[in-house]
Amino acid sequence: WPGLSLTLSHCSGVGLALCQRLLEEDGRIHLCIACRNEQKSEATRDLILATHPAAQVSTVEMDLGNLASILRAARELRCRFQRLDFVYLNAGIMPNPHVNFKALWHGLLTGKVLHMLTTAEGIMTQTDRLNGDGLQEVFATNLFGHFMLVRQLQSLLCGNEKPSRLIWTSSSNARESAFSLSDYQHAKGQESYSSSKYATDLTSVVLNRKFNGQGLYSSVVCPGLVMTNMTYGILPIFLWKLLMPIMWLIRFFAKTYTLTPYNGAEAHVWLFKQKPEYLDSLVKYHSCTSGLGRCYVEPRKMDVDEDTAEKFYQKLLELEEQTLEKYRDLLD
């Protein structure tokens, strides 16, 4: 087949829109959807086939917050496929989000409200917890689970005739101030989502340094502010209904208010069509939408320190070694 794309998502929102848009670009690709349970996977597959009945769509069950699930899925994928051309690392969580209305009001008075509304800087906090593997849940699901998967799929991603691509969903909320090497799982803070997305940016930078020579290229995108189940969890539904007309107006001033999953997938699809050798590994590609609804992609240099990225990568390798000790029976 011309290409195989493995998409890790919530099987809704940007992930579903991405699958549909990839098939619009090239109906010959083989899509493999990874979701947390079989029912969601099959439901998503049915939705895709309803609009693209001739598409090749398979599924794999994988919970990015569960290391045993990742190892089982990776083993299954190694048995089923000889290579992967694209891996879209799109799954993510933001548990118990809280809005700091006092900070938002202060931003309004100081003229910083537009910046705060487009990055959530200073106004969004989350309450994290440990998962079943003893890791911070947001770090594990948003970053480490993806990292472990990439490591387990290395044989399908490196040394192929044409380059393989990793495309990570990051965020404009990825901020260095929320991340600490000494607390990279963000156990002591309240901005675990921002920390995990900054860690994503760091990881992508290092992976390019380590693996471009083996034909594996990594990119990060920001889908913008998209109305999905994750977004709707931030505020009560009735507030969103009141705010939506205002948000459509804000888009004339804030191009990252993509709002719909289709628009949010713009950068993901744009990267699907690019030659990775010509991309800048220190750039994040943002999905943008004009006030009149035109979708486009805006490259922005990432605020990442490459020395910090290297040190973080070494910490990830150490954590990988520690965690794999528990799951030797799931390794080949």
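Please refer to the structure higher up on the page.
Predicted model only: the values in this text are computed from it and were never measured. (Residues numbered from 1 in each chain as written. Predicted model: local features only at pLDDT ≥ 70, side-chain atom pairs only at ≥ 80, totals over all residues. Heavy atoms only, no water.)

**Focus on the overall build of the protein**
Reasoning step 1: Helix and strand counts for the protein come out as 13 helices and ten strands.
Reasoning step 2: Burial status across the protein gives 57% buried among its 332 residues.
Reasoning step 3: On the protein, roughly 14800 Å² of surface is accessible, and the fraction owed to carbon and sulfur atoms is 53%. (Helix = DSSP H or I, 4+ residues; strand = E, 2+ residues; numbered from the N terminus. Buried < 20%, exposed > 50% of the residue type's maximum accessible area, 1.4 Å probe, protein only. Areas by Shrake-Rupley, 256 points an atom, 1.4 Å probe, with all protein chains shown as cover.)

**Structural notes on unusual backbone geometry**
When glycine is set aside, most residues are seen to have a negative phi, and most peptide bonds are trans.
Reasoning step 1: One non-glycine residue, His 186, lies in the positive phi region at around 60°.
Reasoning step 2: For His 186, the location among the structural elements is in the loop between strand S7 (164-169) and helix H8 (192-211).
Reasoning step 3: For His 186, a relative accessible area of 8% puts it in the buried group.
Reasoning step 4: Positive phi is not limited to glycine here, since Leu 259 has a value of about 70°.
Reasoning step 5: Mapped onto the elements, Leu 259 comes out in the loop between helix H10 (237-250) and helix H11 (261-264).
Reasoning step 6: On the basis of relative accessible area, Leu 259 is assigned to the buried category, the value being 3%.

**Thoughts on H8**
Reasoning step 1: When the terminal C-alpha atoms of H8 are compared, their 28 Å separation across 20 residues agrees well with the 28 Å that a helix rising 1.5 Å per residue should span.
Reasoning step 2: Within H8, 18 of the 20 residues are buried, leaving the element largely enclosed by the surrounding structure. (Expected span 1.5 Å × (residues − 1).)

**Focus on the nonpolar core**
Reasoning step 1: Membership of the largest hydrophobic core comes to 56 residues, with the highest contact counts inside it found for Met 62, Phe 144, Leu 166 and Phe 312.
Reasoning step 2: Among the elements that make up this core, the one with the highest residue count is helix H6 (residues 137-152) (eight residues).
Reasoning step 3: Listed in part, the 27 residues of the second largest apolar core include Val 14, Cys 35, Tyr 88 and Leu 279. (Core = buried A, V, L, I, M, F, W, Y, C linked by side-chain atoms within 4.5 Å.)

**Topic: the pattern of salt bridges**
Reasoning step 1: Overall, the coordinates contain 17 salt bridges when judged by the stated rule.
Reasoning step 2: For Arg 28, the salt bridge identified is with Asp 26, shortest N-O distance 3.0 Å.
Reasoning step 3: The exposed category is assigned to Arg 28, whose relative accessible area is 55%.
Reasoning step 4: Arg 175 is the partner of Glu 191 in a salt bridge, and the nearest nitrogen-oxygen pair spans 2.2 Å. Residue Glu 191 is found in the loop between S7 and H8, and its partner Arg 175 is found in the loop between S7 and H8; the two are separated by 16 residues along the sequence. (Salt bridge = Lys/Arg side-chain N within 4 Å of Asp/Glu carboxyl O.)

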